[in-house]
Amino acid sequence: MCKCDQCIVREFSSLKALNKEELIRMADCKTSYTIKKGEAIFEEGETVNGIFCVKDGVCKLSKLSANGKDQIVKLVKSGELLGQRSLISDEPANLSAVALEDMQVCFIPKSDIMAFFNNNNQFSMNVMKTICGDLKDADDHMVSMAQKSVKERLAETLIYLEDTFGKNTDGTLRIQISREELAGMIGTATESCIRLLSELNKNGYIELIGKKIAIIDRNKLKRMAE
């Protein structure tokens with residue numbers, strides 16, 4: 001089992017402020033899980049009672065709208081934490097977290113995290129900065145949804161997926177999400193998303209290889225997104 005002081009999550013998240021003693025304490029109280037693709041880590045309205053460290057894999061944070069559509073708010077990758085907002089606000093989870101691929105996560109109970117929060121000022125400041133960053137991203141996403149066309153949002157999302165998760169050796173996007181999930185990210189119907197992808201493919205912006213997507217003309221796609 002990976003030690004907390006050698007874990008990728010510690011390097012890239014709020015946990016980097018914890019000292020060796022605190023990390024040893026964390027290792028003693030954590031529980032490690034394998035989450036299979038399609039399984040929920042937690043669901044909207046659930047009391048989380050701690051935070052999840054994403055050691056490996058990607059999940060979607062989404063909210064179910066009144067008409068039953070799954071609106072994806074954010075993708076969370078290895079090195080990030082889940083549940084920080086609920087921990088601080090002492091409220092049930094506002095979003096559902098579902099694995100997009102097999103994941104390795106560790107759960108740290110609220111009581112242990114709050115001890116670090118109360119005793120380590122830099123850790124508590126890091127958590128606040130992360131939550132503020134999430135709020136900024138939410139603001140930017142809301143403006144994008146209101147002011148950009150669906151085609152512009154699709155172009156922007158494809159660039160984001162390549163920048164954030166990288167490419168396979170064949171040039172396709174490494175993170176493989178379904179057409180329905182992609183539609184959920186840009187706030188449109190699945191049929192509209194499929195039609196727009198076909199249009200971008202026909203015009204040489206992207207190439208559709210089965211269920212995979214490869215960006216062919218990044219500059220044109222970027223200009224469309226702006």
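Residues numbered from 1 in each chain as written. Predicted model: local features only at pLDDT ≥ 70, side-chain atom pairs only at ≥ 80, totals over all residues. Heavy atoms only, no water.

- Per an unreviewed UniProt entry, the protein carries the name CRP-like cAMP-binding protein and comes from Flavobacterium aciduliphilum.

1. With respect to the domain arrangement of the protein
Thinking step 1. In terms of domains, the protein is made up of domain 1 (4-145) and domain 2 (148-225).
Thinking step 2. Using C-alpha coordinates to define each centre, domain 1 is positioned 27 Å away from domain 2.
Thinking step 3. In this assembly, 14 residues from domain 1 lie in contact with 16 residues from domain 2.
Thinking step 4. Summing both partners gives a buried area of about 1200 Å² for domain 1 against domain 2, and 56% of it is carried by carbon and sulfur.
Thinking step 5. Inspection of the region where domain 1 meets domain 2 yields 2 salt bridges.
Thinking step 6. Notably, a salt bridge pairs Arg-174 with Glu-101, separated by 3.5 Å at the nearest N-O pair.
Thinking step 7. Summed over the shared surface of domain 1 and domain 2, the number is 2 residue pairs in polar contact (both at pLDDT 80 or more).
Thinking step 8. At the level of secondary structure, the elements contributing two or more residues to the side of domain 1 that touches domain 2 comprise strand S5 (70-76) and helix H5 (121-147).
Thinking step 9. A breakdown of the residues in the side of domain 1 that touches domain 2 according to their chemical character gives 6 nonpolar, 3 polar and 5 charged. (Domains from an automatic or database assignment. Contact = heavy atoms within 4.5 Å. Buried area = accessible area lost by both parts, 1.4 Å probe. Salt bridge = Lys/Arg side-chain N within 4 Å of Asp/Glu carboxyl O. Polar contact = N/O pair within 3.5 Å; in protein donor to acceptor, adjacent residues only side chain to side chain. Helix = DSSP H or I, 4+ residues; strand = E, 2+ residues; numbered from the N terminus. Nonpolar A, V, L, I, M, F, W, Y, C, P; charged D, E, K, R; others polar.)

2. Comments concerning the packing of helix H2 (residues 20-29) against helix H4 (residues 110-119)
Thinking step 1. Direction vectors running N to C along H2 and H4 enclose 170°, while the axes themselves pass 10 Å from each other. Considering their axes alone, H2 and H4 lie roughly antiparallel with respect to each other. Residues Glu-22, Arg-25, Met-26 and Cys-29 of H2 form the contact with H4, whose own contacting residues are Asp-112, Ile-113 and Phe-116.
Thinking step 2. Of the residues assigned to the contact of H2 with H4, the class counts are 4 nonpolar, no polar and 3 charged. (Axes fitted to C-alpha atoms, helices over the stretch in contact; angles between N-to-C directions. Parallel < 35°, antiparallel > 145°, perpendicular 65-115°, else oblique.)

3. Considerations on the side chain of Glu-162
Thinking step 1. Mapped onto the elements of the fold, Glu-162 is located in helix H6 (residues 150-165).
Thinking step 2. Contact partners of Glu-162, with chain neighbours within four places excluded, come to Lys-167, Leu-173, Ile-215 and Arg-218.

4. Topic: the pairing of strand S8 (residues 103-109)
Consecutive residues of a regular strand have side chains that alternate between opposite faces of the sheet.
Thinking step 1. Counted residue by residue, S8 has 5 buried out of 7 residues, so it is predominantly covered.
Thinking step 2. Pairing between strand S3 (residues 50-56) and S8: 6 bridges, direction antiparallel. Bridge pairing links Asp-56 to Gln-104 in S8. (Buried < 20%, exposed > 50% of the residue type's maximum accessible area, 1.4 Å probe, protein only. Pairing = 2+ DSSP bridges.)

5. A closer look at the UniProt feature "domain: Cyclic nucleotide-binding" (unreviewed entry) in the protein
Thinking step 1. Here, UniProt's "domain: Cyclic nucleotide-binding" (unreviewed entry) annotation points to residues 14-110.
Thinking step 2. Helix makes up 18% of residues 14-110 and strand 42%, with an end-to-end C-alpha separation of 15 Å. (UniProt positions renumbered as here; feature names shortened; annotations may be inferred.)

6. Structural notes on the packing of aromatic side chains
Thinking step 1. Tallying each qualifying case throughout the model produces 5 aromatic pairs.
Thinking step 2. Each ring, one from Phe-52 and one from Phe-107, has its centre 4.9 Å from the other, and the planes form 50°; the classification is tilted. Here the residue Phe-52 occupies a position in strand S3, and Phe-107 occupies one in strand S8, the gap between them amounting to 55 residues. Exposure class is identical for Phe-52 and Phe-107. Each is buried.
Thinking step 3. Considering the side-chain rings of Phe-117 and Phe-123, the 6.2 Å spacing of their centres and the 85° angle between planes classify their relative orientation as edge-to-face.
Thinking step 4. The cationic tip of Lys-220 hangs over the ring face of Tyr-205; the distance from NZ or CZ to the ring centre is 6.0 Å. (Phe/Tyr/Trp six-rings, centres within 6.5 Å; stacked < 30°, edge-to-face > 60°. Lys NZ or Arg CZ within 6 Å of the ring centre and 35° of its normal.)

7. A look at the sheet that holds strand S7 (residues 96-99)
Thinking step 1. Within the open sheet, the 4 strands sit side by side as S2-S7-S4-S5. Their pairing is antiparallel. Two strands bound the open sheet, and with one partner strand each, they are strand S2 (40-42) and S5. For this sheet, the mean inter-axis angle between neighbouring strands, taken without regard to orientation, is 35°.
Thinking step 2. Pairing analysis gives 6 bridges linking strand S4 (residues 59-64) to S5, with the strands arranged antiparallel. Its bridge partner lying in S5, Leu-61 is registered against Lys-74.
Thinking step 3. Each of S4 and S5 touches helix H7 (residues 179-186); the most contacted strand, S5, lies at about 90° to it.

8. A few points about helix H9 (residues 218-225)
Thinking step 1. Within H9 the residues assigned to the buried category are Leu-221, Met-224 and Ala-225. The buried residues of H9 all sit within an arc of 100° when viewed along its axis, so they share a single face. Exposed residues pointing more than 90 degrees away from the buried face of H9 are listed as Asn-219 and Arg-223. (Arc of directions from axis to C-beta.)

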